[in-house]
Amino acid sequence: EEGANLVGSGSTDQMFSTFGMTGVNFGSGWRSMAWVTYSLFLQSQNNSFISSLAVGKTFESISTSVIGGGGTFNSTHQGLGPVFFLQIQWTGKQSPVLL
């Protein structure tokens, strides 16, 4: 399973996955969010746990958002290690409103 980076035991294995997320909007385009995800294949007992914290800023004058953060990842296939991410999104010009 590519989302949790886990291998099940054939087509009959079932995955249980749960996550929690919270966030705060600070105003002026700033926001922060945190989340955790736990996934478990029931038959093979392969599991993973991800925890992350991110901070984002929207620059409306140039139609751009930047989100970056980090956290940890741990699974039965890979030991505990850091994860980092950065996303830059440019939305371009606003489309005309259609009736």
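The paragraphs below set out a description of the structure included in this document.

Conventions and cut-offs
- Residues numbered from 1 in each chain as written.
- Predicted model: local features only at pLDDT ≥ 70, side-chain atom pairs only at ≥ 80, totals over all residues.
- Heavy atoms only, no water.
- Phe/Tyr/Trp six-rings, centres within 6.5 Å; stacked < 30°, edge-to-face > 60°.
- Helix = DSSP H or I, 4+ residues; strand = E, 2+ residues; numbered from the N terminus.
- Buried < 20%, exposed > 50% of the residue type's maximum accessible area, 1.4 Å probe, protein only.
- Lys NZ or Arg CZ within 6 Å of the ring centre and 35° of its normal.
- Patch = residues over 30% accessible without salt bridge, like charges linked within 9 Å, V, L, I, M, F, W, Y side chains within 5 Å.
- Areas by Shrake-Rupley, 256 points an atom, 1.4 Å probe, with all protein chains shown as cover.
- Salt bridge = Lys/Arg side-chain N within 4 Å of Asp/Glu carboxyl O.

Describing the packing of aromatic side chains
Applying the stated criterion across every chain yields a total of one aromatic pair. Each ring, one from Trp35 and one from Phe85, has its centre 5.9 Å from the other, and the planes form 40°; the classification is tilted. Of this pair, Trp35 sits in strand E2 (residues 30-41) while Phe85 is found in strand E5 (residues 81-90), placing the two residues 50 residues apart along the sequence. For Phe85, a relative accessible area of 29% gives the class partly exposed. Over the aromatic face of Phe59 sits the side chain of Lys57, whose NZ or CZ is 5.4 Å from the ring centroid.

Some points on a nonpolar patch on the surface
Together, Phe16, Val36, Tyr38, Leu42 and Phe49 give the surface a local cluster of nonpolar side chains, amounting to about 420 Å² of exposed area. Within the fold, Phe49 resides in strand E3 (residues 47-59). Take Phe49: its relative accessible area is 38%, and that puts it in the partly exposed class.

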